[in-house]
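Okay, here's what each chain looks like letter by letter:
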Amino acid sequence: MLKPIQPSIDFKLWLPLLLVAPASSLGMLAIKLLPGMIGSSIFVACSLWMHSLPLIWTLLVDRQPLHFTPPKKRDWLVGICLGMLLAGTILGLYGVASHWIDLTDVRDRVVSKVGELSLPTFLAGAMFIVLINTLLEEYVWRWFVFRKCAAWQPGILAIALSALFFTSHHVIELATYFNDGRVVLLGSLAVFAAGMIWSRCYQVYRSIWIGYISHALASAAIVTVAWHLLFSNRVL
């Protein structure tokens with residue numbers, strides 16, 4: 001039986017939240033407001049900081065050992081079922097909101113940010129997003145940020161707070177590529193809901209694997225939408 005986490009005002013709980021949670025948003029803002037080498041350098045520095053600090057803090061400040069537990073059959077079952085539900089929801093929302101999106105504007109914004117995309121380059125990026133980036137996000141936002149939130153403010157407040165942190169940089173990212181506020185709002189609400197679901201999964205199962213598996217399937221749906229926006233004129 002897992003012991004309930006008790007609230008605390010210990011700096012070891014709230015200070016890492018202040019150090020980690022804003023990093024991704026700052027990196028996104030740098031890319032948006034400072035295009036070119038300066039913005040890219042700040043983005044890379046923020047990304048390295050965000051992904052390295054949880055590990056360093058856990059080992060050197062919390063002095064907790066690291067354990068690797070492979071996914072269990074339960075993790076695969078729950079993760080796949082949840083991921084399929086989330087992926088279907090994402091594709092359904094896109095079907096409802098696709099007429100709000102100006103394809104030419106989106107493609108121009110992507111080209112201005114990352115350059116002209118070929119299909120092989122897009123597929124390589126999609127594989128990274130689905131397999132690697134989702135794992136990094138679960139490691140940062142659920143394994144580290146949610147645990148700190150849960151130790152500071154247990155229960156639903158921890159779930160909502162960690163989901164809010166998780167959503168913040170996605171809002172900036174959505175606003176970078178879409179000019180319609182309805183798309184940004186709908187996407188942000190969807191990200192917030194997903195963040196709450198994955199935090200709840202971690203709260204119940206104390207494993208990132210369910211979140212990772214379902215997150216990967218949800219990301220696969222997102223890159224499918226991105227492919228349709230960038231490379232196809234057909235309607236799903």
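All of these numbers come straight from a predicted model, not from anything done at the bench. (Residues numbered from 1 in each chain as written. Predicted model: local features only at pLDDT ≥ 70, side-chain atom pairs only at ≥ 80, totals over all residues. Heavy atoms only, no water.)

Student: Please explain the layout of surface pockets as it appears in this structure.
Tutor: Over the atoms, a rolling probe the size of a water molecule traces out where space has been left empty. Considering only enclosed or pocket space, the second largest pocket measures out at about 840 Å³ in volume. As for the second largest pocket, its lining consists of 24 residues, and the residues nearest its centre are His 67, Trp 143, Tyr 202, Arg 206 and Ile 208. For the lining of the second largest pocket, the secondary-structure elements that each account for two or more residues are helix H3 (37-61), helix H4 (73-97), helix H6 (119-152) and helix H8 (181-205). The element best represented in the lining of the second largest pocket is H6, accounting for 4 residues. For the lining of the second largest pocket, the residue count by class is 13 nonpolar, 5 polar and 6 charged. (1 Å grid on protein atoms, 1.4 Å probe; cavity = no way out; pocket = protein on both sides within 12 Å on 5 of 7 lines; lining within 4 Å. Points joined across faces, edges and corners; volume = space filled by probe spheres on them. Helix = DSSP H or I, 4+ residues; strand = E, 2+ residues; numbered from the N terminus. Nonpolar A, V, L, I, M, F, W, Y, C, P; charged D, E, K, R; others polar.)

Student: Is there a simple way to explain unusual backbone geometry in this structure?
Tutor: The phi angle of most residues is negative, glycine excepted, and most peptide bonds adopt the trans form. Non-glycine residue Arg 63 carries a positive phi angle of around 55°. Take Arg 63: it is sitting in the loop between H3 and H4. Taking the relative accessible area as the measure of exposure, Arg 63 reaches 69% and is therefore exposed. Despite not being glycine, Arg 206 has its phi angle at roughly 55°, a positive value. (Buried < 20%, exposed > 50% of the residue type's maximum accessible area, 1.4 Å probe, protein only.)

Student: I keep staring at the pattern of salt bridges and nothing clicks. Help me out?
Tutor: Two side chains carrying opposite charge are able to pair once their charged atoms lie near each other. In the structure shown here, the tally under the stated rule is 5 salt bridges. Between Asp 62 and Lys 148 there is a salt bridge, and its shortest N-O distance comes to 2.6 Å. Of the two residues, Asp 62 is situated in the loop between H3 and H4 and Lys 148 in helix H6; the sequence distance between them amounts to 86 residues. Accessibility classification places Asp 62 together with Lys 148 in one group, the buried group. Measuring nitrogen to oxygen at the nearest pair gives 2.8 Å for the salt bridge that ties Asp 105 to Arg 109. Note that Asp 105 and Arg 109 are positioned in helix H5 (residues 103-114) at a spacing of 4 residues, about one turn of the helix. (Salt bridge = Lys/Arg side-chain N within 4 Å of Asp/Glu carboxyl O.)

Student: Please clarify how the nonpolar core should be interpreted in this entry.
Tutor: Nonpolar side chains in soluble globular proteins tend to end up buried together. Grouped together as the largest cluster of nonpolar side chains are 29 residues, with contacts concentrated most on Val 20, Val 140, Trp 141, Val 145 and Trp 198. Contributing elements (two or more residues each) for this core: helix H1 (11-20), H3, H4, H6, helix H7 (156-177), H8 and helix H9 (209-231). The element best represented in this core is H6, accounting for 9 residues. Discounting chain neighbours no more than four positions away, the residues touching Trp 141 are Ala 21, Ser 24, Met 50, Phe 146, Ser 162, Phe 165, Phe 166 and His 169. In terms of nonpolar packing, the next biggest core, distinct from the first, is built from 10 residues, Tyr 94, Ile 101, Val 225 and Leu 229 among them. (Core = buried A, V, L, I, M, F, W, Y, C linked by side-chain atoms within 4.5 Å. Contact = heavy atoms within 4.5 Å.)

Student: What should I look at first to understand the packing of H6 against H8 in this one?
Tutor: At a closest axis distance of 10 Å, the pairing of H6 and H8 adopts a crossing angle of 65°. As for the relative orientation of H6 and H8, their crossing is right-handed in sense. Residues Glu 138, Arg 142, Trp 143, Phe 146 and Arg 147 of H6 lie in contact with H8, whose contacting residues are Gly 195, Trp 198, Ser 199, Tyr 202 and Gln 203. (Axes fitted to C-alpha atoms, helices over the stretch in contact; angles between N-to-C directions. Left-handed = near helix turned anticlockwise from the far one by under 90°.)

Student: Explain a nonpolar patch on the surface to me, please; I cannot follow it from the model alone.
Tutor: Together, Leu 26, Leu 29, Leu 33, Leu 34, Ile 38 and Ile 42 give the surface a local cluster of nonpolar side chains, amounting to about 540 Å² of exposed area. Mapped onto the nonpolar patch, the elements with two or more residues apiece are helix H2 (23-33) and H3. Here the nonpolar patch takes 3 residues from H2, the largest share from any one element. When you line up the elements, Leu 33 lands in helix H2. (Patch = residues over 30% accessible without salt bridge, like charges linked within 9 Å, V, L, I, M, F, W, Y side chains within 5 Å. Areas by Shrake-Rupley, 256 points an atom, 1.4 Å probe, with all protein chains shown as cover.)

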